Structure formats: C-alpha cells, structure tokens
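# Report on the structure
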Amino acid sequence: MKNLFKNIALIALFPILITSCSKKNETPSNQDQGAKQTDKVLAYIKNLGFTDAQIVENGARYIVDGDIVFDKNMQVPDDNGKPKTEQYYNGYLVTNSSNIRVKVDASITSMAAEINGAIQQWNTVPNSKIKFVIVTDNNYDILIKVDNTIGGTTCGQAYLSTSNGKAGNTVWINQELIKNNSFAQRQRTIAHEFGHTISIKHTNQSTSIDVPGVGGTDALSLMNGGQCGSGATVLSAKDKQATAVLYPL
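Everything in this summary refers to the structure shown in the same document. (Residues numbered from 1 in each chain as written. Predicted model: local features only at pLDDT ≥ 70, side-chain atom pairs only at ≥ 80, totals over all residues. Heavy atoms only, no water.)

## Things to note about unusual backbone geometry
The phi angle of most residues is negative, glycine excepted, and most peptide bonds adopt the trans form. For D65, which is not glycine, the phi dihedral falls at a positive 55°. Mapped onto the elements of the fold, D65 is located in the loop between β2 (61-64) and β3 (68-71). Given the relative accessible area of 23%, D65 is considered partly exposed. Of note, the phi angle at N127 is positive, near 65°, even though the residue is not glycine. Note that N127 resides in the loop between α3 (112-123) and β5 (132-135). In this structure N127 comes out as exposed when scored by relative accessible area, which is 53%. (Helix = DSSP H or I, 4+ residues; strand = E, 2+ residues; numbered from the N terminus. Buried < 20%, exposed > 50% of the residue type's maximum accessible area, 1.4 Å probe, protein only.)

And the structure:
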C-alpha cells in the first residue's frame, strides 16, 4: 500500500515537472533578449555603412568611428538603417531644423565662447534653414556637457539624429583633452559634434552614403573624422553645400 501511494505521488508530480520545464523553454531569458537587442543594434549600425572595425563596445553603448554614439537599448528604426536613396549622412533629417534648442550644461559654461562660435558656423550656412538656439530651461533638443572619461584620444562624442526627426540629444566634450588646443580647434571639436546631431557623418568615411549631388572626399571638411586638434576649423564649401541640400530654405 505504501508503494502504491508513493507511485501515485510520483505520477502526480511528473506532469508538474513537465509543465515547469516547458514554461522555462518557451520563455526567453533576459540574457537572450538582451543579446537579440544588441544584435539588432549592431545590424542597424552596419546598415548605416559602418564596418566591424569602426564599432567599439563601451558598456551600455557602441562608439562608432571614434565619436558617434549608439545606445545598446535604442529603438531600431523600422527601415533598419537601410539607405533611402542617397558629403555623408545617416538618412534621418531633423524636423525642427530651424529651431534646434541647445542647453549648455553647467560643466561646460567655461567654453561658452567656443560653443557660440560653433553654432555661428552652422547658423550662417548660405541657403540652409539650420539654426541652433541656446536655451536655459529644460525644453531642449541637445544637451552639451563635459565628459573627460570618453577616452584618452577622443575629443568629443555625440548621438546622430534619430528616425523620428529628433536631433541627437547629447554632445560630450573631453575638456581635459582639448584644453591646450587652440581656440579654433576647441571650437572645431564642438562644431564637428553638432554636425553629427543633425545627421552628418564623417566625410572621410568611405562606407557612408553621399548627400545627393555632394559626393566625394573633401580634405578641407570640418566633418572629417580622426582629426581632433589638427583638422579644418571652419566648414568647407562642400560642408556648406551638403547642409544646404539636406536643409534647404
């Protein structure tokens, strides 16, 4: 009789064990979901024209081509970064391009002159409606701030514009690294990062897609990558032409 009860108990327990195992197998773990998300983000970055060699994993972000930032948990656009039809950009233009609000974080107020000079360069591009505007409240599109931890050779970083028409919402400046650069070079770093926030990628990135009618390399481009402290300090003729094509009056 004891054996009979024992057998009945084992039989009753067996379906519970099967059910539990089945649920475990059917539900993906958080680790699996995280891996799928990062795979999607990596695929998106590569579809934008970047190569494996240009992508560096950095905690919760990928740093691409030295200074372009992608969060691992970002929402990947429906088109997955495929070129739409088209000097170089990511295909996503900023909707409020004539009123892009920039908030200057307290950490970088000592570089107000460089920030204003960088903004002036973009705001005076002929035949373009691009306008960056400094604001002091929390209704801003871009926050610019100091981050001296972004790398020993990285002068600045920024998010690219997004698929829903938003400017890249953060610019980080490595003030410690660039403090001994000339005023013009410090201003150049900031202007370069602002260029990323409105969709413009590195002019010397061979895997990018051309702005229509403004293709090819440009040694004078302020948007050339890897030239911190030594690159062009003003927007080139092609930089301005590309901006006017993307954001015409």
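## Structural notes on the pairing of strand β8 (residues 170-173)
Because side chains alternate across β8, one face comprises the buried residues T170 and W172, and the other comprises V171 and I173, equally buried. As judged from the four bridges shared by strand β6 (residues 142-146) and β8, these two strands associate in the parallel manner. When the sheet's bridge partners are listed, K145 is paired in β8 with W172. Pairing analysis gives three bridges linking strand β7 (residues 156-159) to β8, with the strands arranged antiparallel. (Pairing = 2+ DSSP bridges.)

## Looking at the sheet that holds β8
The strand order β1-β2-β3-β7-β8-β6-β4-β5 describes an open sheet built from eight strands, whose pairing is mixed. In this open sheet, the two strands that pair with only one neighbour each are β1 (55-58) and β5. With direction set aside, neighbouring strand axes in the sheet form an average angle of 30°. Note that β1 and β2 share four bridges and pair antiparallel. In the sheet register, I55 faces β2, and the bridge partner there is V64. (Axes fitted to C-alpha atoms, helices over the stretch in contact; angles between N-to-C directions.)

## Structural notes on the pattern of salt bridges
On inspection of all chains with the given rule, the structure shows six salt bridges. One salt bridge connects E57 with K72, and the closest N-O pair in it is separated by 2.3 Å. Taken together, the residues E57 in strand β1 and K72 in the loop between β3 and β4 (100-104) connect sequence positions 15 residues apart. Assessed through its relative accessible area of 14%, K72 is described here as buried. For E176, the salt bridge is made with K179, and the minimal N-O distance between the two is 2.8 Å. (Salt bridge = Lys/Arg side-chain N within 4 Å of Asp/Glu carboxyl O.)

## What about the side chain of S236?
Tracing the backbone through its elements, the reader meets S236 in the loop between α5 (183-197) and α6 (237-246). At a separation of 2.6 Å, a polar atom in the side chain of S236 contacts the side chain of D218. The contact partners of S236, leaving out residues within four places of it in the chain, are D218, L220 and S221. (Polar contact = N/O pair within 3.5 Å; in protein donor to acceptor, adjacent residues only side chain to side chain. Contact = heavy atoms within 4.5 Å.)

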